[in-house]
Amino acid sequence: MLPRNKCLELGLPEPNDCQKESNYVLSVISQGLTINTNMARYIGIDDLQDVVCAIKRKGYLT
């Protein structure tokens, strides 16, 4: 579970209670926002590159 206060502090959308890291990153990207490695680490996503690779494998990003 991602911390709501840290996400809001960075100007990112509020995560749902049961939302996984990959779903959250996908929702951020789909809203036209950007997330970088430092932001991801701050909110508790250890390896953003792995999350992006998982999203690409599912066919969401090209």
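Please refer to the structure higher up on the page.
Basis of the calculations
Residues numbered from 1 in each chain as written. Predicted model: local features only at pLDDT ≥ 70, side-chain atom pairs only at ≥ 80, totals over all residues. Heavy atoms only, no water. Helix = DSSP H or I, 4+ residues; strand = E, 2+ residues; numbered from the N terminus. Rg over C-alpha atoms; globule rule 2.2 N^0.38 Å. Buried < 20%, exposed > 50% of the residue type's maximum accessible area, 1.4 Å probe, protein only. Contact = heavy atoms within 4.5 Å. Lys, Arg positive; Asp, Glu negative; His and termini not counted. Charge placed at Lys NZ, Arg CZ, Asp CG, Glu CD. Phe/Tyr/Trp six-rings, centres within 6.5 Å; stacked < 30°, edge-to-face > 60°. Lys NZ or Arg CZ within 6 Å of the ring centre and 35° of its normal. Salt bridge = Lys/Arg side-chain N within 4 Å of Asp/Glu carboxyl O.

A. Spotlight on the overall build of the protein. When helices and strands are tallied, the protein shows 4 helices and 0 strands. Counting from the amino terminus, the protein carries its helices and strands in the arrangement α-α-α-α. A compact globule built from 62 residues would reach a C-alpha radius of gyration of about 11 Å, and the protein, at 11 Å, matches this within 12%. If one aligns the C-alpha atoms of the protein with their principal axes, the spans along those axes are about 30 × 20 × 20 Å. Put simply, the protein has 62 residues, and 32% of those count as buried. Counted over contacts in the protein with a minimum sequence separation of 6, partners at least 24 positions apart contribute 36%. If you average the places of the 7 positive and of the 7 negative side-chain charges in the protein, the two averages end up 6 Å apart.

B. The arrangement of the side chain of Ser22 in detail. For Ser22, the position within the fold is in helix α2 (residues 21–30). Residue Ser22 is classed as buried on the basis of its relative accessible area of 16%. Dropping the residues within four chain positions of it, Ser22 is found in contact with Val51, Ile55 and Lys58.

C. Representation of the packing of aromatic side chains. Applying the stated criterion across every chain yields a total of 0 aromatic pairs. Directly above the aromatic system of Tyr42 lies the positively charged group of Lys6, at a separation of 5.0 Å from the ring centroid.

D. Summary view of the pattern of salt bridges. A complete count under the given rule lists 2 salt bridges for this structure. With its nearest N and O atoms 2.3 Å apart, the salt bridge here joins Glu14 to Arg4. Of the two residues, Glu14 sits in the loop between α1 (4–9) and α2 while Arg4 sits in helix α1, which places them 10 residues apart along the sequence. When its relative accessible area of 43% is taken as the criterion, Glu14 is described as partly exposed.

In short, the description is geometric, and any link to function would need to be established separately.
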